[in-house]
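Read off the chains here:
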Amino acid sequence: MNIFKKVAIVVTGLLMLPIAFNAPSYAADEDFITIGTGGITGVYYPVGGAICRLVNKNRKEHGLRCTVESTGASVFNANAIGAGDLTMGIVQSDTQYYAYEGKEGFAKANKDLRVLFSLYAEAFTLVARDDAKINSFKDLVGKRVNIGDPGSGNRSTMLLLMNEYKFTPKTFSLATDLKPAEMAGALCDNKIDAYVYVVGHPNGSIKEAATTCNSHVVPVEGAEVDTFLKKYAFYPKATIPAGMYKGTDKNVNTFGPRATIMASSKLSDTVAYETVKAVFENFDEFKKLHPALETLTKEEMLTGNTAPFHPGAIKYFKEAGLMK
Ligand code: GLU
């Protein structure tokens, strides 16, 4: 064989190597994944970090680099995915529905939103100072209440429940829009009487409130809640276990959406597939990365969604026998 031909064969062979082994069919600017999470005292932030850790573990295979961003949470994340500012984002299942359908604060339907998988159940959590004498949602009348920061799913679920009780921000003597990281501090500094947080458990915010001052988690149940849950079928009932937080010695009944992770339909199948695969193939490790993930099952991670799954996620689920 002539030497030029030999060189040509070797060169072609080398060029083909990555294609043969990795088939990385995503655009060059897709190798950086940014996951939008929530406030750093919530659960989205560490769980986003757990997902990235597993994606980054396989970097040699796929070349992807994953980082998290602390954001205003669900509503912000859904909008930012739509605008192409985030690759992925953690979004409450109720916000997912509103964003996809263009309801409740979303002016336009975003039909490009796609689901990668669901995560743990969140609980609508009402935390109050003991001295504020708040033992039910109704007791919030006339109190100083943090209803959530704009951009959070927290606030959007709170506004919906307030509607059911015929409450407006004027029902409270003060309605604040503090960020999650500020809520426990404001409660313990006696700037507010209560705050709501739609969040997984345990989390840093409620722990901070429970250990810094006398506070407790208040049940959110009763006739109005039952009517609300009938109207909005995607909020299962939830229980915050007794003893999880200082000051809360009984199980606390409430309800809540599920946390989900979403991307745009414009994201390549390869990036979606590799992200889902990294979590599902390292599942035992994933569950150990945050206590809110401890009891999660792979099967439930395919439930509770309104928007369609991303084709890259479907590819993995079929391969793994989780979907027909
Ligand atoms: N569910 C909250 C929201 O979307 C965020 C909770 C968290 O950061 O863990 O506003």
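The structure under discussion appears in the preceding block.
As the structure is a prediction and not an experimental result, all values here were calculated from the model. Positions within a chain are numbered from 1, following the residues in the order the chain's sequence is written. Totals for whole chains, interfaces and linings use all residues, but because this is a predicted model, local features are given only for residues with pLDDT of at least 70 and pairs of side-chain atoms are given and counted only at 80 or more. Side-chain calculation: all heavy atoms of the structure are included, whereas hydrogens and water are not.

Q: I keep staring at the overall build of the protein and nothing clicks. Help me out?
A: Secondary structure elements follow DSSP: runs of H or I of four or more residues count as helices, runs of E of two or more count as strands, with numbering from the N terminus. For the protein, the count of helices and strands is twelve helices and twelve strands. Think of it in three bands: residues with accessible area under 20% of the maximum for their type are buried, residues over 50% are exposed, and the middle band is partly exposed, with areas taken using a 1.4 Å probe on protein chains only. By residue count, 51% of the 324 residues in the protein fall in the buried class. Considering only intrachain contacts with a sequence separation of at least 6, the fraction spanning at least 24 residues in the protein is 74%. Method for areas: the Shrake-Rupley scheme with a 1.4 Å probe, in which residue coverage is limited to the protein chains shown. Element-wise, carbon and sulfur atoms account for 55% of the exposed surface of the protein, whose accessible area totals about 14,800 Å². Taken together, the 36 basic and 34 acidic charged side chains of the protein have centroids lying 3 Å from each other. Note on contacts: a residue pair qualifies if any of its non-hydrogen atoms lie within 4.5 Å across the two residues. We treat Lys and Arg as the positive residues and Asp and Glu as the negative residues; His and chain ends play no part in the count. One atom stands in for each charge, and that atom is NZ of Lys, CZ of Arg, CG of Asp or CD of Glu.

Q: Explain the site of the ligand to me, please; I cannot follow it from the model alone.
A: The environment of the ligand is made up of 14 residues, and the closest members are Val 43, Tyr 44, Ser 74, Gln 92 and Val 198. Pairing of N or O atoms within 3.5 Å defines a polar contact, subject to two protein rules: one partner must be a possible hydrogen donor and the other a possible acceptor, and residues neighboring in sequence count only if both atoms are side-chain atoms. Glu 122 is positioned with one of its side-chain polar atoms (N or O) 2.9 Å from a nitrogen atom of the ligand. Measuring from an oxygen atom of the ligand, one finds a backbone N or O atom of Asn 154 at 3.0 Å. Protein coverage of the free-state accessible area of the ligand, which is 300 Å², stands at 99%. The biggest single contributor to the shell around the ligand is strand β8 (residues 194-199), with three residues. Considering only residue class, the shell around the ligand consists of six nonpolar, seven polar and one charged. Any residue with a heavy atom lying within 4 Å of a molecule or strand is counted as near it. When residue character is reported, Ala, Val, Leu, Ile, Met, Phe, Trp, Tyr, Cys and Pro are called nonpolar, Asp, Glu, Lys and Arg charged, and the others, Gly included, polar.

Q: Would you take a moment to explain the packing of helix α6 (residues 153-164) against helix α9 (residues 223-231) for this structure?
A: What describes two packed helices is the angle between their axes and the distance between those same axes. Look at α6 against α9: their axes get within 9 Å of each other, and the N-to-C directions meet at 120°. In terms of orientation, α6 lies oblique with respect to α9. Between α6 and α9 lies a crossing of right-handed hand. Each of Leu 160, Leu 161 and Glu 164 in α6 lies in contact with α9, whose residues at this interface are Glu 224, Thr 227, Phe 228 and Lys 231. Within the contact of α6 with α9, the residues separate by chemical class into three nonpolar, one polar and three charged. Each axis is a line fitted through C-alpha atoms, taken for helices only over the stretch in contact, and angles between the N-to-C directions span 0 to 180 degrees. Here is the rule for angles: anything less than 35 degrees is roughly parallel, anything more than 145 is roughly antiparallel, 65 through 115 is roughly perpendicular, and the remaining ranges are oblique. Two helices that cross are described as forming a left-handed crossing if the nearer one is turned anticlockwise from the farther one by less than a right angle, and a right-handed crossing if clockwise.

Q: Sorry if this is basic, but what is going on with the side chain of His 310 here?
A: Relative to the assigned elements, His 310 resides in the loop between α11 (283-288) and α12 (311-319). Using a relative accessible area of 0% as the deciding quantity, one classes His 310 as buried. Once residues within four sequence positions are removed from consideration, His 310 is found in contact with Arg 114, Val 115, Leu 116, Ser 264, Ser 265, Leu 267, Ser 268, Asp 269 and Ala 272.

Q: Mind showing me how you'd approach the sheet that holds strand β4 (residues 113-121) here?
A: Within a sheet, each strand pairs with its neighbour through backbone hydrogen bonds, oriented either parallel or antiparallel. A pair of strands is labelled paired if DSSP reports no fewer than 2 bridges between them. Strand order in the open sheet formed by five strands is β2-β1-β3-β12-β4, and the pairing between neighbours is mixed. Strands with a single pairing partner mark the edges of an open sheet, and in this sheet they are β2 (65-69) and β4. Taken over all neighbouring pairs, the strand axes of this sheet differ in orientation by 25° on average, direction set aside. Judged from the two bridges that link them, strand β1 (residues 32-36) and strand β3 (residues 88-92) form a sheet pairing that is parallel. Looking at β3, one finds that Gly 36 is bridged to Gly 89.

Q: Is there a simple way to explain the packing of aromatic side chains in this structure?
A: Two rings from Phe, Tyr or Trp (for Trp, the six-membered ring) form a pair when their centres sit within 6.5 Å of each other. Planes less than 30 degrees apart are called stacked, planes more than 60 degrees apart edge-to-face, and all others tilted. Inspection of the entire model under this criterion finds 20 aromatic pairs. Taking the centre distance of 6.3 Å and the plane angle of 65° together, the rings of Tyr 232 and Tyr 235 count as edge-to-face. By relative accessible area, which is 3% here, Tyr 235 ends up buried. Stacked on the ring of Tyr 273, the Lys or Arg Lys 315 has its end atom at 4.0 Å from the ring centre. Placement of a charge over a ring requires the Lys NZ or Arg CZ to be within 6 Å of the ring centre, with the centre-to-atom vector within 35 degrees of the ring normal.

Q: Help me understand the sheet that holds strand β5 (residues 123-129), please; the structure alone is not making it clear to me.
A: Taken in spatial order, the five strands line up as β7-β6-β8-β5-β9 in an open sheet, and their pairing is mixed. Edge positions in the open sheet fall to β7 (174-176) and β9 (215-218), since each of these has one partner strand only. The sheet shows a mean angle of 25° between the axes of neighbouring strands, taken without regard to direction. Relative to β7, strand β6 (residues 144-146) runs parallel, the two being bridged by three bridges. Residue pairing in the sheet places Asn 146 in a bridge with Thr 176 of β7. Packed on one face of the sheet, α6 meets β5, β6 and β8 and runs near 115° to β8. Along the sheet, helix α7 (residues 180-188) contacts β5, β6, β8 and β9; its crossing angle with β8, the most-contacted strand, is approximately 150°.

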